[in-house]
2 protein chains.
Amino acid sequence: MSSKPGQGKPEPKTPQPVSAAAAPPPELLELVEQLPLWRRPGYLIRRLHQLHYAIFFEECTGFDITPVQYGLLTILSTNPGCDQITIASHLGIDRTNVADVLARLSHAGLVKRERSQTDRRAMVACLTPEGEEVLRRMHPAMARAQERLLETLTPERRELFLETLVGLIDANNKYGRAALSSAHTGA
Amino acid sequence: MSSKPGQGKPEPKTPQPVSAAAAPPPELLELVEQLPLWRRPGYLIRRLHQLHYAIFFEECTGFDITPVQYGLLTILSTNPGCDQITIASHLGIDRTNVADVLARLSHAGLVKRERSQTDRRAMVACLTPEGEEVLRRMHPAMARAQERLLETLTPERRELFLETLVGLIDANNKYGRAALSSAHTGA
């Protein structure tokens, strides 16, 4: 890159334009080639996650409900009066995020929140009739988004894919912010 | 929910505490049971995406580089002088996000940006020697995160999982913000 030392005064350098940038050293390229982007599960999962969001919003247009919000409504339907920590563990987001999502849903009139009668530090929540109605009305659109995401897979590959996802979540859950806990046994 | 019309004055209602919330109507629960959370690919993929982030940051602690930033450094290593639109399509994030990520990496001294000489509206970027160094030094930690995420799968299941992810991204890519394009043939 720079002129070698011991050769006297370095030649004045013309700054190299970025567009004519030299390729990185071969050993760095070799390292990158060992694990290119499309072989990195983290990269692929992020891409697929974003595609699900795009499809979800396309199907559920007009409802103004995110996948995480719909997940929270789902959890409250099967766990009425559920506390924030339990919601966090079912939903796989942290407690502060649960509080934000609950506040937004409460503002929209879809959930009711209050301090737990048994533990005043805990917040509990349940669906309002409007929340139940949104859960019901959005269900077909949400289900279509799930269907579309995997529609190119055979039923067998679809099952295997879901099973692999659940297995990987279970296996890695100790690293997550919140435990999957009983999300796939209860919620 | 409310008293039936035509029954005269409604009884004064004691507000029902959330913690004693009644279960939603059976037909709503039946609907939810048709597609519980752990059968929704979108939910499972989001969970796994978050677990990858947690593992990535655990392995790559001290580098202060996110998975998306590392992805961008990777792309610039194989595409020096790449423009923002191409980066967006390789990385699967939109152009505005690419600009933000590039600005952050440039501020950290890891990339160099400038207007393209052939198209003044386009921004092109390349790695600095410091960027190459971070790419190299972080590689083992990044690779361990990828390895750990799938370590419970047999080699065959791992291959099948990666193949399924690539196939699903390709199949759904028309819904994404940016095309996968040659991310798994070139970048």
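Source: prediction; values computed, not measured.

Regarding the overall build of chain A
Point 1. A count of helices and strands for chain A gives 7 helices and 3 strands.
Point 2. In sequence order, chain A lays out its α and β elements as α-α-α-β-α-α-β-β-α-α.
Point 3. Looking at chain A residue by residue over its 187 residues, the buried ones come to 48%.
Point 4. For chain A, long-range pairs separated by at least 24 residues make up 50% of all intrachain contacts whose partners lie at least 6 apart in sequence.

A look at the sheet that holds strand β2 (residues 111-115) of chain B
Residues and elements named next belong to chain B.
Point 1. Within the open sheet, the 3 strands sit side by side as β1-β3-β2. Their pairing is antiparallel. If you trace the sheet from one side to the other, it starts and ends with β1 (82-83) and β2, each paired once.
Point 2. Sheet analysis places β1 next to strand β3 (residues 123-127), joined by 2 bridges and oriented antiparallel. Opposite Cys82, over in β3, you have Ala125 as the bridge partner.
Point 3. Packing against the sheet, helix α3 (residues 67-78) makes contact with β1, β2 and β3, and its axis sits at approximately 90° to β3.

Remarks on the interface of chain B and chain A
Point 1. Taken together, the contact between chain B and chain A spans 94 residues of the former and 94 residues of the latter.
Point 2. Across the chain B-chain A interface, the total number found is 4 salt bridges.
Point 3. One salt bridge connects Arg39(B) with Glu159(A), and the closest N-O pair in it is separated by 2.7 Å.
Point 4. Put simply, chain B and chain A have 22 residue pairs in polar contact (both at pLDDT 80 or more) between them.
Point 5. Elements with a contribution of two residues or more to the side of chain B that touches chain A: α1 (26-34), α2 (41-59), α3, α4 (84-91), β2, β3, α6 (129-149) and α7 (155-172) of chain B.
Point 6. Here the side of chain B that touches chain A takes 16 residues from α2(B), the largest share from any one element.
Point 7. Its residues placed into classes, the side of chain B that touches chain A shows 54 nonpolar, 24 polar and 16 charged.

Things to note about the pattern of salt bridges
Point 1. The tally for this structure, following the rule as stated, stands at 16 salt bridges over all chains.
Point 2. Among the salt bridges present, the one from Arg157(B) reaches Glu163(A), with a minimum N-O distance of 3.4 Å. Placement of the pair is Arg157(B) in helix α7 and Glu163(A) in helix α7 (residues 155-172), with the two residues belonging to separate chains.

Notes on the relation of the copies chain B and chain A
Point 1. Here chain B sits on chain A after a turn of 180° about the axis and a move of 0.0 Å along it, with an RMSD of 0.0 Å. Viewed as a symmetry operation, the transformation between the two copies matches a two-fold axis.

A few points about the side chain of Gln146(A)
Point 1. Looking at where Gln146(A) falls in the secondary structure, it is placed in helix α6 (residues 129-149).
Point 2. Exposure remark for Gln146(A): the relative accessible area of 6% places this residue in the buried category.
Point 3. Side-chain polar atoms of Gln146(A) contact the side chain of His52(A), separated by 3.0 Å.
Point 4. In terms of polar contacts, Gln146(A) uses its side chain to reach the backbone amide nitrogen of Gly42(B), at 2.8 Å.
Point 5. Excluding its chain neighbours within four sequence positions, the residues that come into contact with Gln146(A) are His52(A), Phe56(A), Leu35(B), Arg40(B), Pro41(B), Gly42(B) and Tyr43(B).

Comments concerning the packing of α2(B) against α6(B)
All names here are of chain B.
Point 1. The geometry of α2 relative to α6 is characterised by a closest axis approach of 9 Å and an angle of 145° between their N-to-C directions. Here α2 runs over α6; the crossing is right-handed. Note on element contacts: α6 touches α2 through Met138, Ala141, Met142, Arg144, Ala145, Gln146, Arg148 and Leu149, opposite Leu48, Leu51, His52, Ile55, Phe56, Glu58 and Glu59.
Point 2. Classifying every residue of the contact of α2 with α6 gives 9 nonpolar, 2 polar and 4 charged.

A closer look at the packing of aromatic side chains
Point 1. Inspection of the entire model under this criterion finds 5 aromatic pairs over all chains.
Point 2. Pairing Phe161(A) with Phe161(B) gives two aromatic rings, centres 5.8 Å apart and planes at 25°, and the pair type is stacked. Within this pair, whereas Phe161(A) is found in helix α7, its partner Phe161(B) is found in helix α7, the two belonging to separate chains.
Point 3. An aromatic cluster is defined as three or more aromatic residues linked by ring pairs; in this entry it consists of Tyr53(A), Phe56(A) and Phe57(A).

Focus on the environment of Arg137(A)
Point 1. As for its position among the elements, Arg137(A) is in helix α6.
Point 2. Counting along the chain gives 49 residues from Arg137(A) to Ala88(A), while the straight-line C-alpha distance between them is 24 Å.

Details of α2(B)
Point 1. Across its 19 residues, α2(B) extends 27 Å between first and last C-alpha, which sits within 8% of the 27 Å expected from 1.5 Å per residue.
Point 2. Extensive coverage of α2(B) is indicated by the burial of 14 of its 19 residues.

Calculation notes
- Residues numbered from 1 in each chain as written.
- Chains lettered and ligands numbered in written order.
- Predicted model: local features only at pLDDT ≥ 70, side-chain atom pairs only at ≥ 80, totals over all residues.
- Heavy atoms only, no water.
- Helix = DSSP H or I, 4+ residues; strand = E, 2+ residues; numbered from the N terminus.
- Buried < 20%, exposed > 50% of the residue type's maximum accessible area, 1.4 Å probe, protein only.
- Contact = heavy atoms within 4.5 Å.
- Pairing = 2+ DSSP bridges.
- Axes fitted to C-alpha atoms, helices over the stretch in contact; angles between N-to-C directions.
- Salt bridge = Lys/Arg side-chain N within 4 Å of Asp/Glu carboxyl O.
- Polar contact = N/O pair within 3.5 Å; in protein donor to acceptor, adjacent residues only side chain to side chain.
- Nonpolar A, V, L, I, M, F, W, Y, C, P; charged D, E, K, R; others polar.
- Least-squares fit on C-alpha atoms with pLDDT ≥ 70 in both.
- Left-handed = near helix turned anticlockwise from the far one by under 90°.
- Phe/Tyr/Trp six-rings, centres within 6.5 Å; stacked < 30°, edge-to-face > 60°.
- Expected span 1.5 Å × (residues − 1).

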